[in-house]
Amino acid sequence: MMKKLEKSEYSKIEPLVRGLDRYLSIRAVMKGDVEGLIYASDKQRPDTYFVWEISGDSGFYLEGEPSENRALEINKIIRQELYTIGTASNKCVDFTLYTYPKDWKDYMAIILKDTFPRKYFRRNFLLENPNRREVKLPEGFTLTRVDKSW
């Protein structure tokens, strides 16, 4: 059964973040740099996680072992918990669901039941070996790392 984790438990999903690791929002929520909630299939030894990165254009991230029961649990979390929080705070107007592995597609009708989904096709591009080059910025500009303390 999917359980909401306490912030002190967020790191327990770290080993599971594989197929969705390119989405920085997951790690930002885990580190507390971005507001969000994390659910896991088990608090001690999870094999599936679900993350809500709370923003104006919310991201839902689901990775792990696909099953009909898990799909039903995620649907319940979205409709009964996250929609309630979003409605009360105006934070969840719209969301995009990212899943891994591809087998979750077989359960989309269950996960998104009564959420009035629209299907969008997107392409993701990953830069495997970026060429590093020096960037010449205009006078008066600086390039700096942005984090929570910034």
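Residues numbered from 1 in each chain as written. Predicted model: local features only at pLDDT ≥ 70, side-chain atom pairs only at ≥ 80, totals over all residues. Heavy atoms only, no water.

Chemist: Can you help me understand helix 2 (residues 68-89) in this one?
Modeler: Within an α-helix, residues lying three or four positions from one another point in the same direction, as the helix has 3.6 residues per turn. Across its 22 residues, helix 2 extends 30 Å between first and last C-alpha, which sits within 8% of the 32 Å expected from 1.5 Å per residue. At L82, helix 2 shows its largest kink, close to 35°. Among the structural elements, strand 2 (36-40), strand 3 (48-53), strand 4 (58-64), strand 5 (95-100) and helix 3 (108-111) are those in contact with the buried residues of helix 2. (Helix = DSSP H or I, 4+ residues; strand = E, 2+ residues; numbered from the N terminus. Expected span 1.5 Å × (residues − 1). Bend = angle between axes of the 7 residues up to and from the residue. Contact = heavy atoms within 4.5 Å.)

Chemist: Please clarify how helix 1 (residues 24-31) should be interpreted in this entry.
Modeler: Regarding helix 1, the residues found buried are I26, A28, V29 and M30. Following helix 1 by one or two positions, G32 adopts a phi angle in the positive range, close to 85°. (Buried < 20%, exposed > 50% of the residue type's maximum accessible area, 1.4 Å probe, protein only.)

Chemist: I keep staring at the sheet that holds strand 3 and nothing clicks. Help me out?
Modeler: Taken together, five strands build an open sheet; the order of strands is 1-2-3-4-5 and the sheet is mixed. Only two strands of the sheet have a single neighbouring strand rather than two, namely strand 1 (3-4) and strand 5. Of the strand pairs in this sheet, strand 3 and strand 4 are connected by six bridges, and their pairing is antiparallel. Considered in strand 4, the bridge of V51 is made with Y61. Packed onto the sheet, helix 1 meets strand 2, strand 3 and strand 4 and runs at close to 85° relative to strand 3. Strand contacts of helix 2: strand 2, strand 3, strand 4 and strand 5, with the helix running at about 20° to strand 3, the strand carrying the most contacts. (Pairing = 2+ DSSP bridges. Axes fitted to C-alpha atoms, helices over the stretch in contact; angles between N-to-C directions.)

Chemist: Teacher, can you tell me more about the pairing of strand 4 here?
Modeler: The side chains of a regular strand alternate between the sheet's two faces. By the criterion of burial, strand 4 is predominantly enclosed, with seven of the seven residues buried. Where burial is concerned, the two faces of strand 4 agree: the one with S58, F60, L62 and G64 and the one with G59, Y61 and E63 are both buried. Direction of pairing for strand 4 relative to strand 5: parallel, over a ladder of six bridges. Bridging from a neighbouring strand, E63 pairs with Y100 of strand 5.

Chemist: So what exactly am I meant to see when it comes to the packing of aromatic side chains here?
Modeler: For any two aromatic rings, the description comes down to two numbers: the centre-to-centre distance and the angle of the planes. Counted by the stated rule, this structure contains nine aromatic pairs. When the ring of Y23 is compared with that of Y61, the centres are 5.6 Å apart and the planes differ by 45°; the resulting orientation is tilted. One end of the pair, Y23, is in the loop between strand 1 and helix 1; the other, Y61, is in strand 4, with 38 residues separating them in the sequence. In this structure, Y23 and Y61 share a single accessibility class: buried. When the centroid spacing of 6.2 Å and the interplanar angle of 85° are considered together, the rings of W52 and F60 count as edge-to-face. One exposure class covers both W52 and F60, and it is buried. An aromatic cluster is defined as three or more aromatic residues linked by ring pairs; in this entry it consists of Y39, F50, W52, F60, Y83 and F95. (Phe/Tyr/Trp six-rings, centres within 6.5 Å; stacked < 30°, edge-to-face > 60°.)

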